[in-house]
Amino acid sequence: MASAMSSLVSSTTETRTQLLEQDLGKSRDRRKVQLESETKERNEWSFFKILGHRSYDARTNYFQHHPGLPPGAINGDEGPNQDKESNNFLNRIRNHFLNRFPPPFLAMKRLPYGKGAERLAFRCQLARTRSEKDFTFNTMVAKETNLVERPDDNEEFHRTFCSGQDLARHLAGEFNSRLKALPSYSATETPWIVFLPCSILILDDPEWRGRGVLVEKKLNIEKYGWKKYNDNAGVSVVLSANVTGMMLLS
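Since the model is a prediction, treat every value here as computed from it, not as a measurement.

**Topic: a nonpolar patch on the surface**
Taken together, the side chains of Phe175, Ile193 and Phe195 present a nonpolar region at the surface, about 240 Å² in accessible area. Structurally, the position occupied by phenylalanine 175 is in helix 4 (residues 154–180). In this structure phenylalanine 175 comes out as partly exposed when scored by relative accessible area, which is 40%.

Take a look at the structure:
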């Protein structure tokens, strides 16, 4: 039931998004893509040379050149215990050397593993050569537009997301600071809110000039179990399933 309701909510959300766009005179078509879960064929890796790396600057509300590695490739577990001076010092030294020679290639799965109303999500990995044997650093997720009309506007498309992500990270920091002030605060037991840092990689793709993908760390769901309580429209999937169940029983 929960799985069925999740699919229904996602479908309803996409339909609502399309209707709202039509009302605004911005009707858009979604790219016709096949997910890796929808085929039995092997989802091969595609290798792209990285032409540029950019990060969002809240002061200018635009992107700036980022000289080092994507944060999603090197960030480890985040949390209140990660701000110890010793950890910060060692990480700074480690990242200083790693950032001097970032890998020149990004490997992306040919088919996305996830699809939303506006974006597609691909598994990706930095690589030192065009070979799976030379993958390095953390596994990441590469996201790009799912709208047919937006390929030539992909940087602006990502800017909208990054500005919201930056604001969310700021608010999360304020929230965490207030948590620390509580008498019952525990660094090991009190919930801690963290938003994953992201950046943009510009790829050399002969079929898509100026292709830019937003990359962030891929969550290790095997190690850290998680449950999605809300969809992208803020609807509680669990609550919807429970309410529907009660309606069916009444």
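Now that the structure has been shown, the text picks up again.
**Things to note about the packing of aromatic side chains**
In total, this model carries four aromatic pairs according to the counting rule given. Ring centres 5.0 Å apart and planes at 75 degrees place the aromatic pair tryptophan 45 and phenylalanine 135 in the edge-to-face group. Pair noted here: tryptophan 45 is in strand 1 (residues 45–57) and phenylalanine 135 is in strand 6 (residues 135–145), with a separation of 90 residues, a long-range link. Look at tyrosine 62 and phenylalanine 63: their rings are 5.9 Å apart centre to centre, the planes differ by 65 degrees, and that puts the pair in the edge-to-face class. Classification of tyrosine 62 as partly exposed rests on a relative accessible area of 36%. On the basis of relative accessible area, phenylalanine 63 is assigned to the buried category, the value being 12%. Counting every residue linked through ring pairs, the aromatic cluster contains Trp45, Phe47 and Phe135.

**Thoughts on the pattern of salt bridges**
Going through the model one piece at a time under the given rule, you end up with eight salt bridges. With a closest N to O distance of 3.2 Å, aspartate 57 and arginine 59 form a salt bridge. A relative accessible area of 10% means that aspartate 57 is categorised as buried. In this structure arginine 59 comes out as exposed when scored by relative accessible area, which is 73%. Residue lysine 143 pairs with glutamate 216 through a salt bridge whose shortest N-O separation is 2.8 Å.

**A few points about the environment of histidine 66**
With respect to the helices and strands, the residue histidine 66 is situated in the loop between strand 2 (62–65) and helix 2 (71–74). Measuring from C-alpha to C-alpha, the distance between histidine 66 and leucine 201 comes to 9.6 Å, with 135 residues separating the pair along the chain. Once residues lying within four places of it in the same chain are set aside, the contact partners of histidine 66 are His53, Arg54 and Ser55. Within the local environment of histidine 66, its side chain forms a polar contact with the backbone nitrogen of glycine 68, the two atoms lying 3.1 Å apart.

How each quantity is defined
- Residues numbered from 1 in each chain as written.
- Predicted model: local features only at pLDDT ≥ 70, side-chain atom pairs only at ≥ 80, totals over all residues.
- Heavy atoms only, no water.
- Patch = residues over 30% accessible without salt bridge, like charges linked within 9 Å, V, L, I, M, F, W, Y side chains within 5 Å.
- Areas by Shrake-Rupley, 256 points an atom, 1.4 Å probe, with all protein chains shown as cover.
- Salt bridge = Lys/Arg side-chain N within 4 Å of Asp/Glu carboxyl O.
- Helix = DSSP H or I, 4+ residues; strand = E, 2+ residues; numbered from the N terminus.
- Buried < 20%, exposed > 50% of the residue type's maximum accessible area, 1.4 Å probe, protein only.
- Phe/Tyr/Trp six-rings, centres within 6.5 Å; stacked < 30°, edge-to-face > 60°.
- Contact = heavy atoms within 4.5 Å.
- Polar contact = N/O pair within 3.5 Å; in protein donor to acceptor, adjacent residues only side chain to side chain.

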